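Remarks on the overall topology
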Amino acid sequence: MEIESRVFLLAILKKQEDESLKDVILILEDAGVFSFKEGKKLLKELKNDGYVDGEALTFIGIEKAKDAELEFKL
């Protein structure tokens, strides 16, 4: 899994309740992780792969996000 995907999953896991996935894409765009267009494409891929459903992570998405969190803490 690409680093951008792992960062995106972690950002979704850590998002506030009042933030949408579009807000997360905009935050990551501002941080220079990817462009808005790339973020939308990546979100679609994460949904197709079963990591995101609607506005939330699936169980497998949560596990991948937690793995990414541990990886980035090292």
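Residues numbered from 1 in each chain as written. Predicted model: local features only at pLDDT ≥ 70, side-chain atom pairs only at ≥ 80, totals over all residues. Heavy atoms only, no water.

**Some remarks on helix α4 (residues 59-73)**
What counts here: Under the scheme used here, helices are H or I runs from DSSP no shorter than 4 residues and strands are E runs no shorter than 2 residues, and both carry numbers assigned from the N terminus. Working rule for helices: expected span equals 1.5 Å times residues minus one. We call a residue buried when its accessible area falls under 20% of the maximum for its residue type, exposed when it is over 50%, and partly exposed in between, using a 1.4 Å probe and counting protein chains only. Working definition: the arc comes from the directions between the helix axis and the C-beta atoms, pointing outward to the latter. Only heavy atoms enter the contact rule, under which two residues are in contact if any of them lie within 4.5 Å.
Taking 1.5 Å as the rise per residue, α4 with 15 residues should run 21 Å; its terminal C-alpha atoms sit 21 Å apart, in good agreement. All buried positions along α4 are accounted for by Gly61, Ala65, Ala68 and Glu69. Each buried residue of α4 lies within a common arc of 105 degrees when the element is viewed along its axis, so the set occupies one face. Pointing more than 90 degrees away from the buried face of α4 are the exposed residues Phe59 and Leu70. In this structure, the buried residues of α4 make contact with α1 (3-14) and β2 (56-57).

**Description of α1**
Counted at 1.5 Å a residue, the expected span for α1 with its 12 residues is 16 Å, and the 16 Å between its end C-alpha atoms agrees. Residues of α1 that are buried include every one of Ser5, Arg6, Phe8, Leu9, Leu10 and Ile12, and no others. Next to the buried residues of α1 lie α2 (21-30), α3 (36-48), β1 (52-53), β2 and α4.

**A look at the nonpolar core**
In plain terms, the rule: Only buried Ala, Val, Leu, Ile, Met, Phe, Trp, Tyr and Cys residues count toward a nonpolar core, and they belong to the same one when joined by side-chain atoms within 4.5 Å.
With 15 residues, the main nonpolar core has Phe8, Leu9, Ile12, Leu46 and Val52 as its most contacted residues. Elements supplying a minimum of two residues to this core: α1, α2 and α3. For this core, the leading source of residues is α2, giving 4 residues.

**Some words on the side chain of Glu69**
Quick note on the threshold: By the criterion applied in these results, polar contacts are pairs of N or O atoms within 3.5 Å in which, for protein atoms, one can donate a hydrogen and the other can accept it, and in which residues neighboring in sequence qualify only through two side-chain atoms.
Within the secondary structure, Glu69 is located in helix α4. Engagement of the side chain of Glu69 in a polar contact is seen with the side chain of Lys14, the distance being 2.8 Å. With residues near it in sequence (within four places) discarded, Glu69 still touches Leu10 and Lys14.

**What about the packing of α1 against α3?**
Our working rule: Geometry is summarised by axes, namely lines fitted to C-alpha atoms with helices restricted to the contacting stretch, and by angles between N-to-C directions that run from 0 to 180 degrees. Reported orientations rely on four angle classes, namely roughly parallel under 35 degrees, roughly antiparallel over 145, roughly perpendicular from 65 to 115, and oblique for the rest. By the convention adopted, Pro, Cys, Tyr, Trp, Phe, Met, Ile, Leu, Val and Ala count as nonpolar, Lys, Arg, Asp and Glu as charged, and the other residues, Gly among them, as polar.
Look at α1 against α3: their axes get within 11 Å of each other, and the N-to-C directions meet at 80 degrees. The orientation of α1 with respect to α3, classified from their angle, is roughly perpendicular. Contacts between α1 and α3 involve Glu4, Ser5, Phe8 and Leu9 on the former and, on the latter, Gly39, Leu42, Leu43 and Leu46. Within the contact of α1 with α3, the residues separate by chemical class into 5 nonpolar, 2 polar and 1 charged.

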